[in-house]
Protein chains: 2
Amino acid sequence: MEKKYVYSFNEGSKDMKAILGGKGANLAEMTKIGLPVPFGFTVTTEACNKYYEDGEKIDPAVVEEIKVKMAELEKVMGKKFGDPTDPLLVSVRSGAPISMPGMMDTILNLGLNDETVVALAKLTNNDRFAYDSYRRFIQMFGDVVLQISKKNFDEVFEGKKAEVGAEFDVDLTADDLKDIIAKYKVVVKNAIGREFPTEPEDQLMEAVTAVFRSWGNDRAILYRRLNDIPNDLGTAVNVQTMVFGNKGDTSGTGVAFTRNPATGENKIYGEFLVNAQGEDVVAGIRTPSPISEMEKSFPDAYKAFTHICEVLEKHYTDLQDMEFTVEEGKLFMLQTRAGKRTAQAAVKVAVDMVDEGLIDRKTAVLRIEPAFVEHLMHPRFDEEEEKKAVKIAHGLAASPGAASGKIVFNVDQAVSMKEAGEKVVLVRMETSPEDLAGMMSAEGILTARGGATSHAAVVARGMGKCCVTGCRELIIDEDASTVTVDGKTYGLGDWISVNGSNGNVYEGKIDMVQPDLSGDFGKIMQWADEFRTMKVRTNADTPRDAQQAVEFGAEGIGLCRTEHMFFDDARIPVFRQMIVARSEEERRVALAKLLPFQQSDFEGIYRAMGERPVNVRLLDPPLHEFLPKTEEEMEELSKISGLTVKEIKEQAATLHEFNPMLGHRGLRLAVTYPEIAEMQTEAIINAALNVSKELGIEIEPEIMIPLSGSEKELANVRETVVKTVERVFEEKGERLPYLVGTMIEVPRAALTADEIARQAEFFSFGTNDLTQMTFGFSRDDTARLIETYIDKNILENDPFKTLDQVGVGKLMKMAVENGKKTRPNIRLGICGEHGGDPKSVEFCHQIGLNYVSCSPFRVPVARLAAAQAAIKEERAK
Amino acid sequence: MEKKYVYSFNEGSKDMKAILGGKGANLAEMTKIGLPVPFGFTVTTEACNKYYEDGEKIDPAVVEEIKVKMAELEKVMGKKFGDPTDPLLVSVRSGAPISMPGMMDTILNLGLNDETVVALAKLTNNDRFAYDSYRRFIQMFGDVVLQISKKNFDEVFEGKKAEVGAEFDVDLTADDLKDIIAKYKVVVKNAIGREFPTEPEDQLMEAVTAVFRSWGNDRAILYRRLNDIPNDLGTAVNVQTMVFGNKGDTSGTGVAFTRNPATGENKIYGEFLVNAQGEDVVAGIRTPSPISEMEKSFPDAYKAFTHICEVLEKHYTDLQDMEFTVEEGKLFMLQTRAGKRTAQAAVKVAVDMVDEGLIDRKTAVLRIEPAFVEHLMHPRFDEEEEKKAVKIAHGLAASPGAASGKIVFNVDQAVSMKEAGEKVVLVRMETSPEDLAGMMSAEGILTARGGATSHAAVVARGMGKCCVTGCRELIIDEDASTVTVDGKTYGLGDWISVNGSNGNVYEGKIDMVQPDLSGDFGKIMQWADEFRTMKVRTNADTPRDAQQAVEFGAEGIGLCRTEHMFFDDARIPVFRQMIVARSEEERRVALAKLLPFQQSDFEGIYRAMGERPVNVRLLDPPLHEFLPKTEEEMEELSKISGLTVKEIKEQAATLHEFNPMLGHRGLRLAVTYPEIAEMQTEAIINAALNVSKELGIEIEPEIMIPLSGSEKELANVRETVVKTVERVFEEKGERLPYLVGTMIEVPRAALTADEIARQAEFFSFGTNDLTQMTFGFSRDDTARLIETYIDKNILENDPFKTLDQVGVGKLMKMAVENGKKTRPNIRLGICGEHGGDPKSVEFCHQIGLNYVSCSPFRVPVARLAAAQAAIKEERAK
């Protein structure tokens, strides 16, 4: 059978988007269910592809089919193309399978020429309308089809207005317009060397070709490249009988949503303009009325329209965004599609539609974009206020939410101003573990350096505070406590506002809106929990974080970073004493002092988590990260450790590394200093035994060994851990079940997961480091580079935000498959930042992880994403 | 069929090493070919494994078989175990499939007791001999079988010597020995609570069990773990009729090689001791005579022995290392095995044996350990002199060869003393690119920090200079120009000697031996070239290196590092100007000045290489590596660049990275600064066009893009390169064929090689970086850690020296397979340090690479290793 290149509206359906485009498929669907759609046909995307295959030539077979369909259209409409008494006029619009700006959009009134315009004037009894339509048609056709610069037409038009002293377009008379038309024709002839095409059929073929051509223009290509839309998708072309909303006061045009897209309220929402064509609504020259007022002017049409809204919502079972026209009292539908909506509206509409029996709960859960959840979780700026605020800089949207506060530049300023009851925003070059107290005191954090997984970003997300990083315009003088942007300098105490959801920085204060997590949002989350199969844990290092995460629905801790526990003023000196120890003996002295701290921390966490699993990671970062920096700190350390400041400096120098990320850290510390792992293991087991007795519950500690790269390496540390556990059991005369496992974060671990699994009862994918090493990207250094790569379309996403499924994901898949071969019931999770990213969560579900773990504030996002992944998988079966 | 656990010597052969052990298999082989071997039998390794499977119990079936074989032995020898007139005595020796120290070695004279000793005395007419044998037997059996501490026996023995005033053991009379025997028995009884076993059969079973047990002792386990010998190999036990070399002056014992193992000379080489047992030769109490003197004392036995040497060499077609005994004029062979030999001997023996028709050339090539080639390539210390020298420290053997020279601490000292005609050794904390001139002036390099792939190591290997790195005992004060080791301080101009082949550092001067690369060595290399299928290229950055490598047999350049070309005094300021440029315009100004330098370098290299392929890598290292460090350098840069010193410092600060290895380097530079890649490409193509015209040859440049991690990233830079090439072609009106490819050194590139190959005509595995990122090991930081890991048996080898086939190798295999899927004729090579490591070269052959590339001095090693890999593969078919 010959390929069919053109479909009448009564031959298609909404499921044919791939060949009819979104607009065409929905016009066909509305036609199918009997709604009043001006009849027409769609030239398929395949015809467009053929055009390009044939070297930008329209296939004669396609031309032939268009002619056949045009004849059919004439028959249906009882009008003829070019008929000097009752001419058929059509609109020509592009419509790709994916909504795509950049292409030729619309040509209206095609079919007009010197003869048919007369007929139109007579039929509408409106000369001005007819000649204005003709004038617009020539201008539009000249611009987009004949590619004649707009300004040639504008000159003529504005010249005429000046000549006759017209202030507005509407002040021009029919005769003025006739004169303009004559001059337009001259413009065209001068530009293309031939007359403006008067045969409607020629006009049509040229217009269809122009749509095809616009698929290949630079703007469209760029858009596709940026959005990763395949070039061979092609665009369809819709040819539709014109209806006129500008035939006088019994006509009009409008756009509307079946429900309020901002609030979700179940009430038609939209705008309507009497005596106007679609483009007038968009152009904004006249102010449209709210849709409700349509009822007064067009009661019948309005009734018909509200009915159609109901029909469409029932049919599509979703909020619709529609265009329509009323011609002399009669309603015509020109477009319908799923309406874009705010986070709040999405939630309300989904829940309402379940109540109304329109959709089931699974569909409702699928309707909520996980990104919406983050919006709903955090305080945000009042939208109107934010629009009015003075934006001074833009950085990476590193942790969502918004904050206004007085600028502070260091921990001391932050803490003391916070204590004085002020709201502050911490502004720094970058943050380090020593800034923690300052970050906790701040409403928001702003840094000049660092990427999406810099210290500031990671810690801020953990705290649920908004954060903007990598804001390169900032010139920060930390000593002087000033920050200069674009020549303007702000000092300590000046108000600043940062939006961690969009990366914007504003001067001054902006009003806030607080989040509400119950109600409809709570319902959606509850349904999500029913449908998901993957558990959601949290990354938490303190009882407070753990508690917060449980409130957000966390079912356990997937990563407890023990190093974060040492930053307390009372502990850091002892921890440093451990670091500068020059022998095992010296080290054990310090470790003995750290043990009770660590144990009580674990007890607090176990109390907060109850019987939920808690995965504790042994010490991970390179030790030199914790070294004293100031002379004062060194002297304090000198007192406590008994080393001279000179000795401390020497010891610090031996710890220096060129590439700390690839240096002496992770389980490598435990191989060389097993006594550290012993202390931490003892603290974990003691705490678990104590709290399980205290609360009468069963605790099964998970002890996680970071950074393993080979079975033997892991076996070495596992032995240290297991021996210590057994020693503690023996000393206490009590036991409990426990698991020992490892992080998979070094590529070699993923590559040899079959061997590694012999020593590990669980794997937790540390996808931050795995991404660093798989790409060879230091996350501290490549934030800028990654931005450039995204700009240049080398990367689609920041791989530290959204998991790189092709590369890093391949390693994960290998690790899962090979790990299960060795140990079929191995427990599998992820604790990298990706555990809170919806696309990455879906991937984790697909490869069969048992849980994801993310910062407390991302737990609801992960819960929703996990549910969506499960529902999608079920539906794909 | 029942498993057979015991084989008589006439039932086995040399091919049964796995179950008979090395010693047993060769005893069987000698028996088979009719050589005079005292008869006996071997208990198999499988019996040993059964012993462990059964919980350290000897299987009754094994005991039964031993008894049957013992009876057979008695029958063959016409003697009986425990016979009071003519007793059979046996030796019991362990013998694993792989030579392995740490196990019980030998028990002689088993079968002696109070009755048989009398018979032995009568038969030999030598009381002292008989009782000394008995004494030794009890002592040895007590020690190794009954596990009674040696010192118990020593006390008795030394007590007796003191009592009778004997200075030497031989001063004790038969009666003294009888007394000692009586006391020994008391020692045994006190220790084990029962009498010394008098039944020969009990003695035998206990001895066999003791050998099995010794397989599981700590020393043996440790040795196996260190040498990666499987635990389930097991050891065999050889039971052999005793012959006595200590029956007086018609008896004797010796060890000999069929040829000289030091020089390879075809002349029997060994030592002989009259009236002695094997252990006396080893114990070194008496000085043995050269084997040639045996001819005088035992002309018949000597004749028989020389004949046996010929037979054995013909039979085994290799140099043999033998043990033998002459009993009353009759020769008995006790052991034969392939003899260990020096590098020189290995080459001479292999070539001679080909000339003699004993082996073919392929076998000769297989006989040379590739490590030998490195010894033969470099000057080395006179062995005897080195033994006498005072060793002061030990580091990593980073680049082979040896050197003596006066200590210098910096470039200036090195250059000026070298110019003054002195030999110098450069001693530094670590080296950087700025030390190059100093390294070139030095005979050898010694650093306190750094590993096998540190800057010093890599550059020294490139230069063929000896180098010891990571010598942590050194306390270097570069300002004061002193180095202190173990409390002793050496200054500028003091003599020092470093051996880069074993890592030793000596004070003072040691005499040298110069290498000879022609003669037999040249023959072996020529044969190797005939047999290998993989090409061998070199890593070379200068015409001089390229020339040198061609002399060593390099067939092309696999890696030309363009950054090394900028260290010249005339160039580095301009290069720095390029680095601190704040805009593309500023950068292009500097690049225009660099172009002629770079082009003339390439021309020099193309002239040196002729039509051999030359692979040039675009700029790779992070730019901040090249920044000026001193104020003086900054001022110079300020003049040339027009920036102030402050601006230079600011620009330098923006280039700082936390983990430069994972930062802005490799093709990332070319993505952000395409103008650098353009300049380099232009220089390459100009040079190739010029030299091909000048010499009338065909040059096919290979342009290598480093560090790619994704297809799009590579495509971006490839486009820059190809556009530039085409522009140059157009400007010049000339063309030549060229290839554009990439290094595979980021794990993600290996994982997505099918995609990457779409943009790459060749892959070159950069296994240094691939190893860094696959393991997460910074080679600058983990040298010490890797040492620890090797000590703890976590790593078998330094993965920067010998390719990690399990992890990194897996990625390489994936890349080869997937790369070929996309581009079947893709050119595949390796340019990491592993390209010169024999085991790694074999792996490269196995996975199907087209070539390996290594530093010039390793080219011969690689040629040999490649040949061996090809021969092995052919023979495995």
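As a reminder, the structure under discussion sits directly above these lines.
It should be emphasised that the depicted structure is a prediction, and the values quoted were computed from it without experimental measurement.

## Focus: the packing of helix α23 (residues 584-609) of chain A against helix α27 (residues 674-695) of chain A
Residue and element names in this part refer to chain A. In the contact formed by α23 and α27, the axes pass within 8 Å of each other and the chain directions differ by 30 degrees. The orientation of α23 relative to α27 falls into the category roughly parallel. In the crossing of α23 with α27, the sense of the turn from one axis to the other is right-handed. A breakdown of the residues in the contact of α23 with α27 according to their chemical character gives 13 nonpolar, 5 polar and 9 charged.

## Quick notes on the pairing of strand β30 (residues 739-744) of chain A
Residues and elements named next belong to chain A. Most of β30 is tucked away, with 6 of its 6 residues classed as buried. With 4 bridges connecting them, strand β29 (residues 702-705) and β30 associate as parallel partners. Along β30, the bridge assignment pairs Ile-705 with Thr-742. A crossover connection joins β29 to the parallel β30 through helix α28 (residues 711-732); in handedness this β-α-β unit is right-handed. Taken together, the 3 bridges between β30 and strand β31 (residues 762-765) define a ladder with parallel strand orientation. Paired with Ile-744 across the bridge in β31 is Phe-765.

## Structural notes on the packing of aromatic side chains
Counted according to the given criterion, the structure contains 38 aromatic pairs over all chains. With 5.2 Å between their ring centres and 85 degrees between their planes, Phe-129 of chain B and Phe-244 of chain B make a pair best called edge-to-face. A residue pair is termed long-range when its members are at least 10 positions apart, and Phe-129 of chain B in helix α5 (residues 127-145) and Phe-244 of chain B in the loop between β7 (236-241) and β8 (252-257) qualify at 115 residues. Here Phe-129 of chain B falls in the buried class, since its relative accessible area comes to 6%. Seen from their ring centres, Phe-729 of chain B and Tyr-738 of chain B are 5.8 Å apart, and the 70 degrees between their planes marks the pair as edge-to-face. This pair shows no difference in class: Phe-729 of chain B is buried, exactly as Tyr-738 of chain B is. Members of the aromatic cluster, each reached through a chain of ring pairs, are Phe-272, Phe-298, Phe-305 and Phe-324 of chain A. The cationic tip of Arg-224 of chain A hangs over the ring face of Trp-215 of chain A; the distance from NZ or CZ to the ring centre is 3.7 Å.

## Some points on the sheet that holds strand β23 (residues 495-499) of chain B
Residues and elements named next belong to chain B. What the 8 strands build is an open sheet, ordered β14-β24-β23-β16-β17-β18-β19-β15; its pairing is mixed. Each of the sheet's edge strands pairs with one partner strand only, and the pair in question is β14 (390-394) and β15 (396-399). Strand-to-strand twist in this sheet, taken as the mean axis angle between neighbours without regard to direction, amounts to 30 degrees. Looking at chain direction, β14 and strand β24 (residues 504-507) are connected through 4 bridges and run antiparallel. Of the residues in β24, the one forming a bridge with His-394 is Asn-504. The strands touched by helix α17 (residues 411-419) are β16 (402-408) and β17 (424-428); relative to β16, the strand with the most contacts, the crossing angle is about 110 degrees.

## Describing unusual backbone geometry
All names here are of chain A. Not every positive phi belongs to a glycine, and Gln-147 is a case in point at roughly 55 degrees. When you line up the elements, Gln-147 lands in the loop between α5 (127-145) and α6 (150-164). In this structure, Thr-317 takes a positive phi of about 45 degrees despite not being glycine. The residue Thr-317 is located in the loop between α12 (299-316) and β11 (320-327) in this model.

About the criteria used
- Per chain, residue numbering runs from 1 following the sequence as it is written.
- Just so you know, chain letters begin at A and ligand numbers begin at 1, following the order they were written in.
- Confidence filtering applies because this is a predicted model: local features only for residues at pLDDT of at least 70, side-chain atom pairs given and counted only at 80 or more, and all residues used for totals across whole chains, interfaces and linings.
- Derived side-chain values reflect all non-hydrogen atoms in the structure, with water molecules and hydrogen atoms excluded from consideration.
- Note on method: axes are straight lines fitted to C-alpha atoms, helices fitted across the in-contact stretch only, with angles between N-to-C directions ranging 0 to 180 degrees.
- By the criteria applied, helices consist of DSSP H or I runs no shorter than four residues and strands consist of E runs no shorter than two, each listed in order from the N terminus.
- With respect to orientation, any angle under 35 degrees is reported as roughly parallel, any angle over 145 as roughly antiparallel, any angle of 65 to 115 as roughly perpendicular, and every other angle as oblique.
- Handedness of a helix crossing follows the sense of rotation of the near helix relative to the far helix, less than a right angle counterclockwise being left-handed and clockwise being right-handed.
- In the scheme used here, Gly and all other residues not listed as nonpolar or charged are polar, with Ala, Val, Leu, Ile, Met, Phe, Trp, Tyr, Cys and Pro taken as nonpolar and Asp, Glu, Lys and Arg as charged.
- We call a residue buried when its accessible area falls under 20% of the maximum for its residue type, exposed when it is over 50%, and partly exposed in between, using a 1.4 Å probe and counting protein chains only.
- Only when DSSP finds a minimum of two bridges between them are two strands counted as paired.
- Note on handedness: a clockwise path from strand one over the helix to strand two, with the strands aimed away from the viewer, defines a right-handed crossover.
- Aromatic rings from Phe, Tyr and Trp, taking only the six-membered ring of Trp, are treated as a pair when their centres fall within 6.5 Å; an angle between ring planes under 30 degrees marks them as stacked, one over 60 as edge-to-face, and anything in between as tilted.
- Charge-over-ring placement is defined geometrically: NZ (Lys) or CZ (Arg) within 6 Å of the ring centre, and within 35 degrees of the ring normal.
- Residues are treated as being in contact if the distance between any of their heavy atoms lies within 4.5 Å.

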